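Here is how the chains run, residue by residue.
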Amino acid sequence: MGSEPSKSSYETFLRDLKERIQNAQVRAALAVNRELTLLYWQIGREILHRQQQQGWGAKVVNRLAADLRKAFPDIKGFSARNLLYMRAFAEAHPDEQIVQQVVALIPWGHNVRILDAVKTPEERMWYIRQTIQYGWSRNVLTHQIDSQLYRRQGNAITNFDRVLPNPQSELAQQVVKSPYSFDFLSLGKEALERDLETALIRHIREFLLELGVGFSFVGSQYPLIVDGKEYRIDLLFYHFRLHCFVVIDLKVVEFEPEFSGKMNFYVSAVDDLLRGEGDNPTIGIILCRTKSKTVAEYALRDVHKPIGVSTYHMGTPLPEEFQRSLPTLEDLEEEIEAIATEVEQTLASKEAEQLTLFADTTLNDEE
């Protein structure tokens, strides 16, 4: 008989097998998804072709759905609604080679969401490629479409093309959006920078999702000691695709030219104090409520550190008259206590009734 493998040797072997099986499962799932999407495209193309070339009317879709479901009762996906999506899918992507090589690499549900919400071919293909690159779930894809990421990507005013080498300058430009969507926040106009910062940290998951793939949070009010004096950065991130620190300075007012001078100081200090071997130059992003394109361009024209100016928008808070009508925390606590007391009294009454009924029943049994 052979010897028993050592515990560490066996665990390594088992872990390797599990990884291989999981990878095979992923490849199989992707292959099934690709074949299903191609089948849907081919069905849609045939419907489209016969309607265009042979004049078949819209009612043929309902008839076809009924016949296909009868022929394949165990297979879902042949409803009239889905057949119409197949037709629209084939019409939106007429090139079979592009469908095979790109479009079929994302799930059918993702393609349906894109068909519903995105109307231009260029924008559709952009969302498809982003989904493939970053592995977006359908919920994340929906969020990115609803927030119009395609139109916001790369719209910030920056000096990246002058101060950063290619391809880093192009990548950095695409990373910075304008405007940023902070619809998960509801701060009033009187909010201060620190209020905005605190709210963003409290919703760090949503904030990171809005910033985009690659950002890692380093800290808020991050201290920098320069010549014995402490300075604090609102938000500090590291971007793993750009391989650099990203400094974010928050402003709740319109962009002013002096903001670029302060950011230039922060970026220089981070380059000297935090930047390590292999890191690219630090990037600064000034986030303001509004900005003048011309003022921002003038402010960055002679700055030699990579800085961008972006704007943001937030969810609209409730009007003051509605806020005044909402119950306070004390009101809610009093209401909860009153309900709890009423429940206790009801339960006590029910218990008393049950005890009386039990006593009566016992007496009757004794008689």
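Residues numbered from 1 in each chain as written. Predicted model: local features only at pLDDT ≥ 70, side-chain atom pairs only at ≥ 80, totals over all residues. Heavy atoms only, no water.

Student: Describe the packing of helix H2 (residues 59-71) against helix H3 (residues 80-92), with residues and values.
Tutor: At a minimum axis distance of 9 Å, the contact between H2 and H3 shows a crossing angle of 115°. As H2 packs across H3, the resulting crossing turns out to be right-handed. Only Ala 80, Leu 83 and Leu 84 of H3 make contact with H2, whose side of the interface consists of Val 61, Asn 62, Leu 64, Ala 65 and Leu 68. Taken together, the residues of the contact of H2 with H3 break down into seven nonpolar, one polar and no charged. (Axes fitted to C-alpha atoms, helices over the stretch in contact; angles between N-to-C directions. Helix = DSSP H or I, 4+ residues; strand = E, 2+ residues; numbered from the N terminus. Left-handed = near helix turned anticlockwise from the far one by under 90°. Contact = heavy atoms within 4.5 Å. Nonpolar A, V, L, I, M, F, W, Y, C, P; charged D, E, K, R; others polar.)

Student: Any chance you could break down the packing of aromatic side chains for me, citing the residues and the numbers?
Tutor: The final tally for this structure, using the stated rule, is 19 aromatic pairs. Their ring planes at 25° and their centres at 6.3 Å tell us that Tyr 134 and Trp 136 sit as a pair that is stacked. Taken together, Tyr 180, Phe 182, Phe 184, Phe 207, Phe 215, Phe 217, Phe 237 and Tyr 312 form an aromatic cluster joined through their ring pairs. Lying over the aromatic face of Phe 259, Lys 251 brings its terminal NZ or CZ to 4.6 Å of the ring centre. (Phe/Tyr/Trp six-rings, centres within 6.5 Å; stacked < 30°, edge-to-face > 60°. Lys NZ or Arg CZ within 6 Å of the ring centre and 35° of its normal.)

Student: For the pattern of salt bridges, give the residues involved together with the corresponding values.
Tutor: If you walk through the whole model with that rule in mind, you get 15 salt bridges. Residue Asp 249 is joined to Lys 251 by a salt bridge in which the shortest nitrogen-to-oxygen separation is 3.7 Å. Of the two residues, Asp 249 and Lys 251, both sit in the buried class. The partner of Lys 305 in a salt bridge is Asp 271, with the nearest N and O atoms 3.2 Å apart. With Lys 305 in the loop between helix H14 (293-301) and strand E7 (307-314) and Asp 271 in helix H13 (residues 258-273), this pair connects stretches of sequence that are 34 residues apart. Owing to a relative accessible area of 25%, Lys 305 belongs among the partly exposed residues under this scheme. If you follow the salt bridges from partner to partner, you end up with Arg 45, Glu 46, Arg 50 and Glu 96 in one network. (Salt bridge = Lys/Arg side-chain N within 4 Å of Asp/Glu carboxyl O. Buried < 20%, exposed > 50% of the residue type's maximum accessible area, 1.4 Å probe, protein only.)

Student: Any chance you could break down the layout of surface pockets for me, citing the residues and the numbers?
Tutor: Here the largest pocket is characterised by a volume of approximately 380 Å³. Lining the largest pocket are 21 residues, with Gln 130, Tyr 134, Gln 153, Val 213 and Arg 241 sitting closest to its centre. The greatest single-element share of the lining of the largest pocket, amounting to four residues, is contributed by helix H6 (residues 121-134). Taken together, the residues of the lining of the largest pocket break down into twelve nonpolar, seven polar and two charged. (1 Å grid on protein atoms, 1.4 Å probe; cavity = no way out; pocket = protein on both sides within 12 Å on 5 of 7 lines; lining within 4 Å. Points joined across faces, edges and corners; volume = space filled by probe spheres on them.)

Student: So, H3: which residues are in play, and what are the values?
Tutor: Here H3 is 13 residues long and its end C-alpha atoms lie 18 Å apart, about the 18 Å a rise of 1.5 Å per residue gives. By the burial criterion, the buried members of H3 are Ala 80, Asn 82, Leu 83, Tyr 85, Met 86, Phe 89, Ala 90 and Ala 92. (Expected span 1.5 Å × (residues − 1).)

Student: Please provide a residue-by-residue account of unusual backbone geometry, values included.
Tutor: Looking along the chain, the bond that leaves Asn 166 and enters Pro 167 is cis, with omega of 5°. In this structure, Pro 167 sits in the loop between helix H9 (160-163) and helix H10 (168-175). The omega angle of the peptide bond from Ser 178 to Pro 179 is -5°, so this bond is cis rather than trans. When you line up the elements, Pro 179 lands in the loop between H10 and strand E2 (180-182). A positive phi angle is found at His 243, which is not glycine, with a value near 55°. By the element assignment, His 243 lies in the loop between strand E4 (229-239) and strand E5 (244-250).

Student: Before we move on, could you go through the confidence of the model for the chain and cite the residues and values that matter?
Tutor: Chain-level statistics for the chain give a pLDDT mean of 83 and a share of 81% at 70 or above. Within the chain, the lowest mean pLDDT, 48, falls on helix H15 (residues 320-325), and the highest, 96, falls on H13. Contacts for the low-pLDDT stretch residues 357-367, under 50 throughout, to residues beyond four places or in other chains number zero contacts. (pLDDT = per-residue confidence, 0-100.)

Student: So what about the nonpolar core? Which residues, and what values?
Tutor: Ranked by internal contacts, the top residues of the largest apolar core, which has 34 residues, are Leu 83, Met 86, Phe 89, Trp 108, Ile 114 and Tyr 127. Those elements giving two or more residues to this core turn out to be helix H1 (7-53), H2, H3, helix H5 (108-117), H6 and helix H7 (138-146). The leading source of residues in this core is H3, at seven residues. In this view, Leu 83 contacts Ile 43, Ile 47, Val 61, Leu 64, Ala 65, Leu 68 and Phe 78; residues no more than four positions away in its chain are not counted. Listed in part, the 28 residues of the second largest apolar core include Val 176, Leu 185, Phe 215 and Leu 250. (Core = buried A, V, L, I, M, F, W, Y, C linked by side-chain atoms within 4.5 Å.)

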